[in-house]
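Structural overview for review
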2 protein chains.
Amino acid sequence: QKFCSQCGALIIQRIPPDDNRVRDVCDNCGAVHYQNPRNVVGVLPVWQDKILLCRRAIEPRYDKWTLPAGFMELGETTAQGAMRETQEEAGAQIELGPLYTVIDVPHAEQVHFFYLAKVLSDELYPGPESLEAAFFDIEDIPWADLSFRTVVTTLEHYLADAKTGVFPVHHYDIPLPDAR
Amino acid sequence: QKFCSQCGALIIQRIPPDDNRVRDVCDNCGAVHYQNPRNVVGVLPVWQDKILLCRRAIEPRYDKWTLPAGFMELGETTAQGAMRETQEEAGAQIELGPLYTVIDVPHAEQVHFFYLAKVLSDELYPGPESLEAAFFDIEDIPWADLSFRTVVTTLEHYLADAKTGVFPVHHYDIPLPDAR
Ligand SMILES: [Zn+2]
Ligand SMILES: [Zn+2]
């Protein structure tokens, strides 16, 4: 950012007193503008052994298949955000289950949360952020055309846990693709 | 916010096209300034059956006892942030354990994460955000003088789980104090 959102003056990049990292500082009004990671909240929706995926109508990953998910909004819980995104992207009626994956994605400055969910009807009304929404049998999941590694790994955990029927919370990091 | 951080023009509160909530919009450069909840990351540090708490030197909750915790920074994981905050607020050497509580606090526009941790030495070097740091026996925890309900409930879960020795991830919401 270039201008102070409080007073409109030019921002300076500087370490404030009692701090240890460079911030966007305004010397006109004294404001320090912090930036923080954002949360992405979504759902793994299951309908009679099929999984609901949406084909993205927006960048990044236009045309790729994804679990319904998006940025958490002010004033909602992660669960409420996950349900809202499912409604917006798939128009699906769901019953939300437990929190399932919590995934740190530090290079994207994000934390992703996916809930398990039971789809209550096979009627889908995908919104403007989806080209389509569809149910996939496990063996038909389009692994090569999935949107994000958080989606891939959440589905992988689900397939593994489905063999035991126990679905604990999984917490892990997604390192950079070229990290050694 | 009043001014566009990209161009310095006045912000207008309006629902952008293809959106469904009021945002901070700039009609000069077209920027839409989204706001999102922030993550607070911290640790429940244990040293020989004692729990490490810090007495806050900053508002809110000045003078109250807290688990080491603070806002997650860009580029770090929740685990890295939790370790950083423990270093900054208590100067304690720890070995980080598993993620323990994930707590939605929608009225504060926050999600809190606490990790279990083992303290490796009883030497503490509290930083400027702490008046002091100290170890408490379970029976001496200053319940009436704790900082936040996320701290209270994380400690309550720990005391309950310590009876069985099993410490699963706990995920829950903190509703408004006067919510019915
Ligand atoms: Zn300013
Ligand atoms: Zn602008």
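Structure first, text after, so check above.
First, a word on scope: everything that follows refers to the structure included in this document. In this text, all values refer to a predicted model and were calculated from it rather than measured experimentally.

Concerning the relation of the copies chain A and chain B
Expressed as a screw transformation, the operator carrying chain A onto chain B has a rotation angle of 180° and an axial translation of 0.0 Å, and the superposed copies differ by an RMSD of 0.0 Å. The transformation just described matches what one would write down for a two-fold rotation axis. Most of the interface of chain A is mirrored in chain B: 100% of its interface residues are interface residues there too.

Comments concerning the coordination of the zinc ion (ligand 2)
Residues and elements named next belong to chain B. Protein-derived coordination of the zinc ion (ligand 2) comes from Cys4 (SG), Cys7 (SG), Cys26 (SG) and Cys29 (SG), at a distance range of 2.2 to 2.3 Å. Around the zinc ion (ligand 2) sit four donor atoms; with metal-centred angles ranging over 100 to 118°, the donor geometry is tetrahedral. Read in sequence order, the donor residues coordinating the zinc ion (ligand 2) give the pattern C-x2-C-x18-C-x2-C. The buried category is assigned to Cys4, whose relative accessible area is 0%.

Focus on the pattern of salt bridges
Once the charged atoms of two side chains with opposite charge are near each other, the side chains can pair. Here the structure, examined in full by the defined rule, presents 22 salt bridges over all chains. A salt bridge links Asp27 of chain A to Arg14 of chain A; the shortest N-O distance between them is 2.3 Å. Placement of Asp27 of chain A in the loop between β2 (23-25) and β3 (32-33) and of Arg14 of chain A in strand β1 (residues 12-14) is noted, with a sequence separation of 13 residues between them. In this structure Asp27 of chain A comes out as partly exposed when scored by relative accessible area, which is 49%. By relative accessible area, Arg14 of chain A is classed as partly exposed at 31%. When salt bridges with common partners are traced through the structure, they connect Asp19, Arg21 and Arg23 of chain A together with Glu73 of chain B into a single cluster.

Remarks on the interface of chain A and chain B
Between chain A and chain B, the residue contacts involve 38 residues of the former and 38 residues of the latter. A combined buried area of about 3500 Å² lies between chain A and chain B, and 54% of that area is made up of carbon and sulfur atoms. Seen at the junction of chain A and chain B, the total is four salt bridges. Across the pair Glu73 of chain B and Arg23 of chain A runs a salt bridge whose closest N-O atoms are separated by 2.6 Å. Taken together, the connections running from chain A to chain B amount to 17 residue pairs in polar contact (both at pLDDT 80 or more). Where the side of chain A that touches chain B is concerned, the elements lending two or more residues are β4 (38-47), α1 (78-90), β8 (94-105), β9 (110-119) and β11 (170-173) of chain A. For the side of chain A that touches chain B, the per-class residue count stands at 15 nonpolar, 12 polar and 11 charged.

Regarding the side chain of Asn36 of chain B
Structurally, Asn36 of chain B is set in the loop between β3 (32-33) and β4 (38-47). Ignoring anything within four residues of it in the chain, the contact list for Asn36 of chain B reads Arg38, Phe71, Met72 and Leu74 of chain A.

Here we look at the coordination of the zinc ion (ligand 1)
Residue and element names in this part refer to chain A. Here the zinc ion (ligand 1) is held by Cys4 (SG), Cys7 (SG), Cys26 (SG) and Cys29 (SG), and the distances to it run 2.2 to 2.3 Å. Taken together, the four donor atoms surrounding the zinc ion (ligand 1) define angles of 100 to 117° at the centre, an arrangement classified as tetrahedral. Counting the intervening residues between successive donors of the zinc ion (ligand 1) yields the motif C-x2-C-x18-C-x2-C. Taken together, the residues Cys4 in the segment before β1 and Cys29 in the loop between β2 and β3 connect sequence positions 25 residues apart. The exposure class of Cys29 is partly exposed, given its relative accessible area of 40%.

Examining the nonpolar core
A general feature of soluble globular proteins is that nonpolar side chains tend to end up buried together. Val102 and Phe113 of chain A together with Val102 and Phe113 of chain B are the most contacted members of the largest nonpolar core, which totals 40 residues. With near-sequence residues (within four places) excluded, Phe113 of chain B lies in contact with Val102, Val111 and Phe113 of chain A together with Asn39, Val40, Val41, Gly42, Thr78, Leu99, Thr101 and Val102 of chain B. Val40, Ile103, Val105 and Ile141 of chain B belong to the second-largest nonpolar core, a separate cluster that totals 23 residues.

Describing helix α1 (residues 78-90) of chain B
All names here are of chain B. For α1, built from 13 residues, the straight-helix expectation of 18 Å at 1.5 Å per residue is met to within 8% by its first-to-last C-alpha distance of 18 Å. Residues of α1 that are buried include every one of Thr78, Ala79, Gly81, Ala82, Arg84, Glu85, Thr86, Glu89 and Ala90, and no others. One or two steps after α1, the chain reaches Gly91, where phi turns positive at roughly 60°.

Thoughts on the environment of Leu99 of chain A
Looking at where Leu99 of chain A falls in the secondary structure, it is placed in strand β8. You can call Leu99 of chain A buried: its relative accessible area is 4%. Those residues within four positions of Leu99 of chain A in sequence are excluded, and the remaining contacts are Phe113, Phe114, Tyr115 and Val169 of chain A together with Val102 and His171 of chain B.

Conventions used here
- Residues numbered from 1 in each chain as written.
- Chains lettered and ligands numbered in written order.
- Predicted model: local features only at pLDDT ≥ 70, side-chain atom pairs only at ≥ 80, totals over all residues.
- Heavy atoms only, no water.
- Least-squares fit on C-alpha atoms with pLDDT ≥ 70 in both.
- Contact = heavy atoms within 4.5 Å.
- Donors = N, O, S within 2.8 Å, 3.2 Å for Na, K, Ca; no water.
- Tetrahedral: all angles 85-135°; square planar, octahedral: opposite > 155°, others 65-115°.
- Buried < 20%, exposed > 50% of the residue type's maximum accessible area, 1.4 Å probe, protein only.
- Salt bridge = Lys/Arg side-chain N within 4 Å of Asp/Glu carboxyl O.
- Helix = DSSP H or I, 4+ residues; strand = E, 2+ residues; numbered from the N terminus.
- Buried area = accessible area lost by both parts, 1.4 Å probe.
- Polar contact = N/O pair within 3.5 Å; in protein donor to acceptor, adjacent residues only side chain to side chain.
- Nonpolar A, V, L, I, M, F, W, Y, C, P; charged D, E, K, R; others polar.
- Core = buried A, V, L, I, M, F, W, Y, C linked by side-chain atoms within 4.5 Å.
- Expected span 1.5 Å × (residues − 1).

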